[in-house]
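The chain contents come next:
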Amino acid sequence: MSALPVSPFERGSRRLRLTVWLVLGIGLLWTLVPLLWMVLSSFKSTADVTAATPQVLFEPTLENYRNLFTGANNLTPYIVHSVLAAGISAVLAVVLGAPAGYGLARTRMRGKKHLSFWIISTRMAPIAAVVLPLFLMFRAMGLIDSIPGLVLAYLTFDLPFAIWLMSAFFAELPPSLEESAQVEGCTRWQAFWHVVLPLTKSGLVTTFVLCLVFAWNDYAFALVFSGPNSQTLPIAANQLVTQAGIDWGQLTAIGTFVVAPMILAGLAVRRWLVTGMTLGAVTGE
């Protein structure tokens, strides 16, 4: 029996799938190759890192990582400061953003869409526009070179984003769920805590991870508001760039320290993260 002819529609569909896979492959290489090269370079000796010809085959060494925790280059305080500032700001953004987003999603009022746009527009503002006012306020309150100061600085961008994103998740849930809980005797707060929040777990995880990534990777706020008692990992990386030269080995090791935790966190919660990014993030109440 002769094979059935392939319709133009099927040929077009195959071409489309091949094109999609090709674009995804190029994007994956564009993303992964620099990261892989950075990780490999962190295990190279100084001679291999600075060699004129890129060294693909080399003898691994932990010298760069040992140097990060010895002498004046001790990285431990920077890691502690980054964990505290980024972790606390992300938790506060979710804790404050969830009830605010719920109120925004459920409240009926004039100009609601304008209010939502104003909230997210504060997140879209350039950091340079808010650095000077925040610096003057923080200096008056004694928050310069402190973890609370960094947390508040990160919240100025994390909180509006958390409110906007969580309001989109809550808008996906039918109000009848809370109404049924209230008929059963729950208060509005109990319905929110026991019914709404468990159903938006993916939204909470997504919001927390995205806020954590922003705070963890931040350089501008940390450069302006931090000092010897609160400097974070991106500032430690910048200190390796001096007039005497750049220590590429330690710089790639610090880069690995900065990138690896966020990649691991994303992989650990990827199920909730993907659900969140495809469910509530596209509605934009």
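Residues numbered from 1 in each chain as written. Predicted model: local features only at pLDDT ≥ 70, side-chain atom pairs only at ≥ 80, totals over all residues. Heavy atoms only, no water.

Let us look at the overall build of the protein. For the protein, the count of helices and strands is 14 helices and 2 strands. The long-range fraction of contacts in the protein, counting pairs at least 24 apart against all pairs at least 6 apart in sequence, stands at 74%. Total accessible area on the protein is roughly 16,800 Å²; 70% of this is exposed by carbon and sulfur atoms. (Helix = DSSP H or I, 4+ residues; strand = E, 2+ residues; numbered from the N terminus. Contact = heavy atoms within 4.5 Å. Areas by Shrake-Rupley, 256 points an atom, 1.4 Å probe, with all protein chains shown as cover.)

Relative to the helices and strands, Ser230 resides in the loop between α11 (220-225) and α12 (233-238). Considered as a pair, Ser230 and Ser146 are 84 residues apart in the sequence and their alpha carbons are 5.4 Å apart. Setting aside chain neighbours within four positions, we find Ser230 in contact with His81, Asp145, Ser146, Ile147, Leu150 and Phe225. Engagement of the side chain of Ser230 in a polar contact is seen with the side chain of Asp145, the distance being 2.9 Å. Of the polar contacts made by the side chain of Ser230, one reaches the backbone nitrogen of Ser146; its length is 3.5 Å. (Polar contact = N/O pair within 3.5 Å; in protein donor to acceptor, adjacent residues only side chain to side chain.)

In the structure shown here, the tally under the stated rule is 14 aromatic pairs. Ring geometry for Tyr102 and Phe170: centres 5.5 Å apart, planes at 85°, overall edge-to-face. Here Phe170 lies in helix α7 (residues 147-172) and Tyr102 lies in helix α4 (residues 76-106), a separation of 68 residues in the sequence. According to the relative accessible area criterion, Phe170 is buried, its value standing at 0%. Relative to Phe192, the ring of Tyr102 lies with its centre 4.8 Å away and its plane at 45°, an arrangement referred to as tilted. Residue Tyr102 is located in helix α4, and its partner Phe192 is located in helix α9 (residues 188-199); the two are separated by 90 residues in the primary sequence. For the pair shown, Tyr102 and Phe192 are each scored as buried. (Phe/Tyr/Trp six-rings, centres within 6.5 Å; stacked < 30°, edge-to-face > 60°. Buried < 20%, exposed > 50% of the residue type's maximum accessible area, 1.4 Å probe, protein only.)

This next bit is on the nonpolar core. For soluble globular proteins, nonpolar side chains are generally found buried alongside one another. Judged by nonpolar contacts, the single largest core of 50 residues is most densely connected at Leu75, Tyr154, Phe170, Phe192, Phe221, Phe225 and Ile254. Here this core gets 13 residues from one element, more than from any other, and that element is α7. (Core = buried A, V, L, I, M, F, W, Y, C linked by side-chain atoms within 4.5 Å.)

Before going further, it helps to spend a moment on the packing of α4 against α9. Running from amino to carboxyl end, α4 crosses α9 at an angle of 100°, the nearest separation of the two axes being 12 Å. Comparing their axes, α9 and α4 come out roughly perpendicular. Note on element contacts: α9 touches α4 through Arg188, Phe192, Val196 and Leu197, opposite Ala98, Pro99, Tyr102 and Arg106. Here the residues of the contact of α4 with α9 are counted per class, giving 6 nonpolar, no polar and 2 charged. (Axes fitted to C-alpha atoms, helices over the stretch in contact; angles between N-to-C directions. Parallel < 35°, antiparallel > 145°, perpendicular 65-115°, else oblique. Nonpolar A, V, L, I, M, F, W, Y, C, P; charged D, E, K, R; others polar.)

In this section: unusual backbone geometry. Even without being glycine, Asp145 reaches a positive phi, approximately 60°. On the secondary structure map, Asp145 appears in the loop between α6 (127-141) and α7.

A surface patch of nonpolar side chains, about 530 Å² in accessible area, is lined by Val80, Leu84, Ile88, Val91, Leu92, Val95 and Leu96. In this structure, Val80 sits in helix α4. Residue classification places Val80 among the partly exposed residues on the basis of a relative accessible area of 41%. (Patch = residues over 30% accessible without salt bridge, like charges linked within 9 Å, V, L, I, M, F, W, Y side chains within 5 Å. Salt bridge = Lys/Arg side-chain N within 4 Å of Asp/Glu carboxyl O.)

Glancing now at the environment of Phe43. You can see Phe43 is positioned in the loop between α1 (8-42) and α2 (46-49). When the C-alpha positions of Phe43 and Leu62 are compared, they lie 5.9 Å apart, and in sequence the two are 19 residues distant. Sequence-distant contacts of Phe43, defined by excluding residues within four places in its chain, comprise Phe58, Glu59, Pro60, Thr61, Leu62, Asn64 and Tyr65.

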